[in-house]
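Overview (structure and organization)
Here's the letter readout for the chains.
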Amino acid sequence: MPARTTAPWTLRPALPEDIEALAELRAVVMRPDLERLGRYDEHRVRQRLRDGYVPQHTSVVVVDGELAGCVTLRPADGGLWLENFYLSPALQGRGTGTAVLRSLLARADEAGATVRLDVLQGSAARALYERHGFTEERQDPIDVFMVRTPAR
């Protein structure tokens, strides 16, 4: 088993021209869970990101000078909504996602903001969110909706 090492990373603001690379990353990352749920559609998985892409609320995760992930943290419902958190499969399980999430939550805590998100039923990402204080608000057959109040 490989050692758990966090690759050096940075966040940069997303640009309009990042959209196709991010849509492709979404398709790669989400495919296993969507197939498991019987909901994978080659076109729709990419189009959903294109339809909701808001560069001013999105950050690109950069590792070794390359686009390695993304995350959106947008204002919603008096707090923040975390979405489109995708990390290259080569970096998953090595601490990079945890480090990125920790930095985003520190900003939310500083602002006193509640953060909400949804995660696919059965996704391994749910455990990451639970480790960082998210709890289930509700669920439906496809998604689990989670919330995290600011740390004091």
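Below is a summary of the structure that appears in this document.

Notes on the side chain of Arg 148
When you line up the elements, Arg 148 lands in strand 7 (residues 143-148). A distance of 2.7 Å separates a polar side-chain atom of Arg 148 from the backbone oxygen of His 132. Here Arg 148 is in contact with Leu 105, Asp 109, Ala 113, Thr 114, Val 115, His 132, Gly 133 and Phe 134, once residues within four sequence places are set aside.

Points about the nonpolar core
The biggest cluster of nonpolar side chains holds 25 residues, and the ones touching the most others in it are Leu 82, Phe 85, Val 115 and Tyr 129. Every element with two or more residues in this core is listed here: strand 2 (58-63), strand 3 (66-76), strand 4 (79-87), helix 3 (96-111), strand 5 (115-120), helix 4 (125-131) and strand 7. Counting residues per element, this core draws most heavily on helix 3, which supplies five residues. Residues within four places of Phe 85 in sequence aside, it is in contact with Cys 70, Val 71, Gly 97, Val 100, Leu 101, Leu 128 and Tyr 129. Grouped together as the second largest cluster of nonpolar side chains are 17 residues, Ala 23, Val 45, Tyr 53 and Tyr 86 included.

What about the sheet that holds strand 4?
The strand order 1-2-3-4-5-7-6 describes an open sheet built from seven strands, whose pairing is mixed. Looking along the sheet, the strands with just one partner apiece sit at the ends: strand 1 (9-13) and strand 6 (135-139). Across the sheet, the axes of successive neighbouring strands diverge by a mean angle of 30 degrees, strand direction being ignored. Note that strand 5 and strand 7 share six bridges and pair antiparallel. The residue bridging Arg 116 from the neighbouring strand is Val 147, located in strand 7.

Here is what the cut-offs are and how they apply
Residues numbered from 1 in each chain as written. Predicted model: local features only at pLDDT ≥ 70, side-chain atom pairs only at ≥ 80, totals over all residues. Heavy atoms only, no water. Helix = DSSP H or I, 4+ residues; strand = E, 2+ residues; numbered from the N terminus. Polar contact = N/O pair within 3.5 Å; in protein donor to acceptor, adjacent residues only side chain to side chain. Contact = heavy atoms within 4.5 Å. Core = buried A, V, L, I, M, F, W, Y, C linked by side-chain atoms within 4.5 Å. Buried < 20%, exposed > 50% of the residue type's maximum accessible area, 1.4 Å probe, protein only. Pairing = 2+ DSSP bridges. Axes fitted to C-alpha atoms, helices over the stretch in contact; angles between N-to-C directions.

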